[in-house]
Amino acid sequence: MPAAPKPEILAAFEAAKGFMPVHEGLALYAAAVEAGALGLPLLEVGTYCGRSTVLLADAARAAGVTAITVDHHRGSEEQQPGWDYHDPQTVDPEIGLMDTLPTFRRTLHKAGLEDHVVAVVGRSPQVAALWGTPLGLVFIDGGHTDEHAGADYEGWAPHVAEGGLLLIHDVFPEPADEFTGQAPYRVYLRALESGAFTEVSATDSLRVLRRTGAGS
Ligand code: SAH
Ligand code: MG
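Residues numbered from 1 in each chain as written. Chains lettered and ligands numbered in written order. Predicted model: local features only at pLDDT ≥ 70, side-chain atom pairs only at ≥ 80, totals over all residues. Heavy atoms only, no water.

Participant: I'd like a rundown of the overall build of the chain, residues and numbers included.
Facilitator: From N to C terminus, the chain includes seven helices and nine strands. Expected size for 216 residues packed as a compact globule is a radius of gyration near 17 Å; at 16 Å, the chain falls within 12% of this value. Here the C-alpha coordinates of the chain stretch approximately 50 × 35 × 35 Å along the principal axes. Buried residues in the chain amount to 50% of all 216 residues. Residue pairs in contact within the chain that sit at least 24 positions apart in sequence constitute 71% of those at least 6 positions apart. Carbon and sulfur atoms form 54% of the exposed surface of the chain, whose accessible area is close to 9,800 Å². If you average the places of the 14 positive and of the 29 negative side-chain charges in the chain, the two averages end up 5 Å apart. (Helix = DSSP H or I, 4+ residues; strand = E, 2+ residues; numbered from the N terminus. Rg over C-alpha atoms; globule rule 2.2 N^0.38 Å. Buried < 20%, exposed > 50% of the residue type's maximum accessible area, 1.4 Å probe, protein only. Contact = heavy atoms within 4.5 Å. Areas by Shrake-Rupley, 256 points an atom, 1.4 Å probe, with all protein chains shown as cover. Lys, Arg positive; Asp, Glu negative; His and termini not counted. Charge placed at Lys NZ, Arg CZ, Asp CG, Glu CD.)

Participant: Give me the sheet that holds strand 9 (residues 206–211): which residues, what numbers.
Facilitator: Read from one edge to the other, the open sheet built from seven strands follows the order 5-2-1-6-7-9-8, with strand pairing classed as mixed. At either margin of the open sheet sits one strand with a lone partner, and together these are strand 5 (117–121) and strand 8 (197–203). Averaged over all pairs of adjacent strands, the angle between strand axes in this sheet comes to 15°, irrespective of strand direction. Across the sheet, helix 6 (residues 146–156) touches strand 1 (42–45), strand 2 (67–71), strand 6 (135–140), strand 7 (160–168) and strand 8, and the angle it forms with strand 6 is around 175°. Running at roughly 140° to strand 8, helix 7 (residues 183–193) makes contact with strand 7, strand 8 and strand 9 of the sheet. (Pairing = 2+ DSSP bridges. Axes fitted to C-alpha atoms, helices over the stretch in contact; angles between N-to-C directions.)

Participant: Pulling in residues and values, what's your account of the pairing of strand 1?
Facilitator: Side chains Leu42 and Glu44 of strand 1 all project onto a buried face; the interleaved residues Leu43 and Val45 project onto the opposite face, where all are buried too. Pairing analysis gives four bridges linking strand 1 to strand 2, with the strands arranged parallel. Residue pairing across strands places Leu43 opposite Ile68, the latter belonging to strand 2. Viewed along the sheet, the connection from strand 1 through helix 3 (residues 51–63) into strand 2 turns out right-handed. Note that strand 1 and strand 6 share four bridges and pair parallel. For Val45, the partnering residue across the bridge sits in strand 6 and is Ile140. (Right-handed = clockwise from strand over helix to strand, strands pointing away.)

Participant: Hey, could you go over empty space enclosed by the protein for me, with residue numbers and the actual values?
Facilitator: One pass over the structure, following the stated rule, counts one cavity of 30 Å³ or more. One number sums up the size of the largest cavity: a volume of about 40 Å³. As for the largest cavity, its lining consists of Ile140, Asp141, Gly142, Gly143, His144, Ala149, Ile168, His169, Asp170 and Pro184. Here the lining of the largest cavity is built from residues that sort into four nonpolar, four polar and two charged. (1 Å grid on protein atoms, 1.4 Å probe; cavity = no way out; pocket = protein on both sides within 12 Å on 5 of 7 lines; lining within 4 Å. Points joined across faces, edges and corners; volume = space filled by probe spheres on them. Nonpolar A, V, L, I, M, F, W, Y, C, P; charged D, E, K, R; others polar.)

Participant: I'd like a rundown of the site of ligand 1, residues and numbers included.
Facilitator: Contacts to ligand 1 come from 21 residues, most closely from Gly46, Ser52, Asp71, Ser124 and Asp141. Within the side chain of Ser52, a nitrogen or oxygen atom sits 2.8 Å from a nitrogen atom of ligand 1. In this structure, Asp141 approaches ligand 1 through a side-chain N or O atom, which is 2.7 Å from a nitrogen atom. Of the pockets mapped on this structure, ligand 1 occupies the largest pocket. Among the residues forming the shell around ligand 1, the class breakdown is three nonpolar, 13 polar and five charged. (Near = heavy atom within 4 Å. Polar contact = N/O pair within 3.5 Å; in protein donor to acceptor, adjacent residues only side chain to side chain. Sits in = over half its atoms within 2 Å of the grid points.)

Don't take any of this as a statement about function, it's just geometry.
Right, here's the structure in full:
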């Protein structure tokens, strides 16, 4: 049986603003618990309001490791005013730009998981360039352009430890199913073609790969 979150964690996840459906969240949680056994940190790109972070954080707590979540908190292209995924409540009225950091902090506080998460506010490639710690899990759920998704892969996949997991969200192999472009699908193909990663499971648009070789 894959590990499942306790009811209060699932409730905190469901109560949080965000984009991850429950069944994909359950797959994310099971993968995070499994990867936690490596005793290495678990990292997410794309915090938004902390919905998926709740699950990573609880898995990190159970494993006695830290979850790291990276976001500039200014929103992706499709979340900006006028676009399909925009939520006016995420705009900071003083400066007129999106700021999801306050909502994220409330989500984590309400879930009782603040002690298990380090939130990094910044652009993913800039943070990745400073990174030097092997990771048990990398979850790519950031920007959906080829520029951003590609940079997330190039920046973070090399840090996945041997036996560790690389998770990619919003993988849509059929162009008809895609909502925000197929860049995550192209990243998924790159990971497989690199020979460094092997597919473990697919739950709708969430792909779980394991590092079984060197490089990326
Ligand atoms: N994981 C979240 C959803 C993430 S949405 C959930 O479960 O609901 C994608 C997020 O990626 C947005 O908050 C956006 O600000 C962030 N993002 C997009 N491109 C980024 C980049 N280059 N660096 C850092 N964050 C980025
Ligand atoms: Mg997503």
